[in-house]
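# What the coordinates show
Chain by chain, the residues run as shown.
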Amino acid sequence: MSVVVELIGVRKAFHEGRPGELWAVDGIDLAVAPGQVTVFTGPSGSGKTTLLTLIGCLARPTEGRIRLDGEEVSGLPERFVTDLRRRTFGFVFQQFNLIRGLSVLENVMLPAYPLAPHYPALRRRAERLLAHFGLGPRRDAQVEWLSGGEAQRTAIARALINDPPVVIADEPTANLDSQLSTAFLDIVAELRDQGRTVLLTSHDPLVYEAPVVDRIVAVRDGRLVS
Amino acid sequence: MLFQPAIMALLLVDAITLALLLPAALFAIQLLRHWDRNSGHARQIRLERRTALVTTGVALLSGVQGLALLLLVFTADALSVQFVGAMCAVGSFNVNAWGFPALLLRMALFFFAAAWLVMHHLDRQARDYPLIRARHALLLVIAPVALLAVLAQLAWFLGLRSDVITSCCGSLFSPGGATVAAELAALSPLPAMVGFYLVLGATLLVGAYYWRRRRGLTLFALLGSAAFPVAIAAVIAFVSLYIYEHPHHHCPFCLLKAEYGYIGYGLYLPLFGASAIAFGLGLTRPFAHIGSLRQVMAAAVPRVVGIATALFLLFTLLVAWISWHSNLILLS
């Protein structure tokens, strides 16, 4: 279940070599221990989200390498990266990115495709996750009808459908009140207890000062702040 | 003469081939100089990104080369009605000095492109690009061959004059001549048959042996590659005679005509496909010691060998069937 994440001299540029070139991540060396909750903090534009997209293999670095369990993954051919991403990471996006027009259950099942197990087995797994997060009665509701907390729990259930060892959440409490943020941290503690590595970005003290957090990594101008 | 659909299509294929292949060859030089999988340098990352794009383009044009070869032969055959003295593709190719060089270079391009596809097929199944250097080195062979093939074909097209009296297969494949074609036509049927069935039989046996035991890949590649010239010699020496039911008509191109049920396509498609696969496996074999490739080859090559063996078997059975059903008696 546990995965060691290592970043070696990672840099990421946008508009490289063109006007407006921006180094969002500028030389980061970092090792994230498995089974821990790590929070990346820093002001807006500091490179936290870019860093998470690089770790989650949603983007490739401009320079440097990323390793998962010792295997260099940032240079893998795309077909392997897709498979690795599917098996290793679950994503909870800041705006949750639920697919409107689909039900809660369908949204949760979606990341399992196109390699999904038989439909009944997948559906049972999705229903178990929804029941676990208190969304059982809402499984057939359209996602646009959900409250903020329900949408977030749906997004978390969706992130867990492939049983990933690493869960990545980008500003997960940005749109939630304190009560829902606390409930989210309870879920994070549960994920850690299951042995999963949890990587969060947040500039919410409620999150990074929470007891469940093992490590805080401060980022500014694309670099780690010592 | 240029403004014919088939010729326009071939010129378009050539333009696309050169437009993709020449930049790919320049990229290959960069890659061969700077590729270092262990480096996290920006240049290495750029190479990794661009190789995905270049590979996609080269795979596309390599796949098209088989169709281009087919279209070239079909076009030459179709054009034969426009030249005095031409009765099949041979007459068209003989209209000027560039016809047969264009055909032979197009065939060479097909085999190299197919070998590249075999390498690509194996390489893409490994996580660490084990054949990337070999694939890009091969591009440096393919690019000049492609350039020469395109230029020769263009020279042939530009030199097509309908007022030229050309010579056709009757003179080229006549046993009395001093050309390779004439010498092949002069081969006695019996030794040609013995040689053909020995080489093809050995290829099939080694292919089947590899399929069962996973041994003998090098021998299969060698035999499979050698099977191509042997098979072409056999077509000229005796298969064509059985098809035409005529003891002196050795042309390997008239087989492509409707009068003979387009039997040539049935013969050549499996032969070219199987030989190209064997050739590709032969070029890949020296790299089989690379760790990740060894695993990939163990999993993927039996299937590839199986396809090639099945195609060789189809070709051999077709030759045997033709020989059996012909009304011509070559061997008493």
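Keep in mind that what you see is a predicted model, and the values were worked out from it rather than measured.

Calculation notes
Residues numbered from 1 in each chain as written. Chains lettered and ligands numbered in written order. Predicted model: local features only at pLDDT ≥ 70, side-chain atom pairs only at ≥ 80, totals over all residues. Heavy atoms only, no water. Helix = DSSP H or I, 4+ residues; strand = E, 2+ residues; numbered from the N terminus. Rg over C-alpha atoms; globule rule 2.2 N^0.38 Å. Buried < 20%, exposed > 50% of the residue type's maximum accessible area, 1.4 Å probe, protein only. Contact = heavy atoms within 4.5 Å. Areas by Shrake-Rupley, 256 points an atom, 1.4 Å probe, with all protein chains shown as cover. Salt bridge = Lys/Arg side-chain N within 4 Å of Asp/Glu carboxyl O. Bend = angle between axes of the 7 residues up to and from the residue. 1 Å grid on protein atoms, 1.4 Å probe; cavity = no way out; pocket = protein on both sides within 12 Å on 5 of 7 lines; lining within 4 Å. Points joined across faces, edges and corners; volume = space filled by probe spheres on them. Nonpolar A, V, L, I, M, F, W, Y, C, P; charged D, E, K, R; others polar. Buried area = accessible area lost by both parts, 1.4 Å probe. Pairing = 2+ DSSP bridges. Axes fitted to C-alpha atoms, helices over the stretch in contact; angles between N-to-C directions. Phe/Tyr/Trp six-rings, centres within 6.5 Å; stacked < 30°, edge-to-face > 60°. Lys NZ or Arg CZ within 6 Å of the ring centre and 35° of its normal. pLDDT = per-residue confidence, 0-100. Polar contact = N/O pair within 3.5 Å; in protein donor to acceptor, adjacent residues only side chain to side chain.

The helix and strand tally for chain B stands at eleven helices and zero strands. Beginning at the N terminus, the succession of helices and strands in chain B can be written as α-α-α-α-α-α-α-α-α-α-α. For a compact globule of 332 residues, the expected C-alpha radius of gyration is about 20 Å, and chain B comes in at 21 Å, within 12% of that figure. C-alpha extents for chain B along the principal axes are approximately 65 × 50 × 30 Å. Counting only residues that meet the buried cut, chain B has 51% of its 332 residues in that class. Summarising the internal contacts of chain B: among those between residues at least 6 apart in sequence, 76% fall at separations of at least 24. As displayed, chain B has an accessible area near 14900 Å², and 70% of this comes from carbon and sulfur atoms.

All names here are of chain A. Enumeration according to the criterion identifies 21 salt bridges over all chains in this entry. Of the charged contacts in the structure, one is a salt bridge between R85 and E78, with a shortest N-O distance of 3.8 Å. In the salt-bridge network here, residues are joined through shared partners; they are R11, D26, E63 and R223.

Of all the bends in helix α9 (residues 217–244) of chain B, the greatest measures close to 50° and is centred on V235 of chain B. With its phi angle positive at about 55°, E245 of chain B sits one or two positions after the end of α9 of chain B.

Residues and elements named next belong to chain A. The tally for this structure, following the rule as stated, stands at one cavity of 30 Å³ or more. Lining the largest cavity, in full, are V92, I156, V167, A169, F184, V188, L191, V198 and L200. Top element by residues in the lining of the largest cavity is helix α6 (residues 178–193). It accounts for three residues. Taken together, the residues that form the lining of the largest cavity break down as nine nonpolar, no polar and no charged.

Turning our eyes to something else, we now look at the interface of chain A and chain B. A common measure of how large an interface is: the accessible area buried when the components associate. Across the contact, 17 residues belong to chain A and 15 residues belong to chain B. Across the chain A/chain B interface, buried area totals approximately 1300 Å², and carbon plus sulfur atoms make up 38% of it. The partner of E48 of chain B in a salt bridge is R65 of chain A, and the shortest N-O contact between them spans 2.5 Å. For the side of chain A that touches chain B, the secondary-structure elements that each account for two or more residues are β4 (63–68), β5 (71–72) and α2 (78–88) of chain A. Residue contributions to the side of chain A that touches chain B peak at four residues, all from α2 of chain A. Partitioned by chemical class, the residues of the side of chain A that touches chain B number five nonpolar, three polar and nine charged.

Put simply, side chains in a regular strand alternate between the two faces of the sheet. Residue and element names in this part refer to chain A. In terms of burial, strand β8 (residues 197–201) is a largely internal element, five of the five residues being buried. Burial of β8 is two-sided: the residues T197, L199 and T201 facing one way and the residues V198 and L200 facing the other way are all buried. Pairing of strand β3 (residues 37–41) with β8 involves four bridges; the strand directions are parallel. In the strand pairing of β8, V37 is matched with V198.

Attention now moves to the sheet that holds strand β2 (residues 22–32) of chain A. The strand order β2-β1-β4-β5 (chain A) describes an open sheet built from four strands, whose pairing is antiparallel. Both outer strands of the open sheet, β2 and β5 of chain A, are each paired with one neighbouring strand and no more. Taken strand by strand, helix α2 (residues 42–79) of chain B contacts β1 (5–14) and β4 of chain A, and its axis lies near 70° from that of β4 of chain A.

Here we come to the environment of E63 of chain A. Looking at the secondary structure, you find E63 of chain A in strand β4. It is 8.8 Å that separates the C-alpha atoms of E63 of chain A and A13 of chain A, two residues lying 50 residues apart in sequence.

The next thing to look at is the packing of aromatic side chains. Under the counting rule described, the total for this entry stands at 22 aromatic pairs over all chains. Aromatic pair F196 of chain B and Y197 of chain B: ring centres 4.9 Å apart, planes at 75°, arrangement edge-to-face. The class for Y197 of chain B is partly exposed, based on a relative accessible area of 31%. Arranged with centres 6.2 Å apart and planes meeting at 80°, the rings of Y268 of chain B and F272 of chain B form a pair that is edge-to-face. Taken together, the residues span about one helical turn, with Y268 of chain B and F272 of chain B both in helix α10 (residues 263–284) at a distance of four residues. In this structure, R11 of chain A is placed above the aromatic ring of W23 of chain A, and the distance from its NZ or CZ to the ring centre is 3.7 Å. The ring centre of F80 of chain A lies 5.3 Å from the NZ or CZ of R79 of chain A, which sits over that ring.

Moving on: the sheet that holds strand β6 (residues 89–92) of chain A. All names here are of chain A. Here we have six strands laid out as an open sheet, ordered β6-β7-β8-β3-β9-β10, and mixed in their pairing. Only two strands of the sheet have a single partner each, and these edge strands are β6 and β10 (223–224). Here four bridges tie β6 to strand β7 (residues 166–170), and the two strands are oriented parallel to one another. Within β7, the residue paired with F91 across the bridge is I168. Sitting on the sheet, helix α1 (residues 48–55) touches β3, β6, β7, β8 and β9 (215–220), and the angle it makes with β8 is about 150°.

Turning to the confidence of the model for chain A, a few remarks are in order. Taken as a whole, chain A shows an average pLDDT of 93; of its residues, 99% reach a score of 70 or greater. Looking across chain A, the model is least confident in helix α7 (residues 205–208) of chain A, with a mean pLDDT of 91, and most confident in helix α3 (residues 104–109) of chain A, with 97.

This part takes up the side chain of T309 of chain B. Residues and elements named next belong to chain B. With respect to the helices and strands, T309 occurs in helix α11 (residues 291–325). Here the side chain of T309 touches V305 through a polar contact of 2.7 Å, landing on its backbone oxygen. Each residue touching T309, except ones within four places of it in the same chain, is listed here: L204, G207, A208 and F220.

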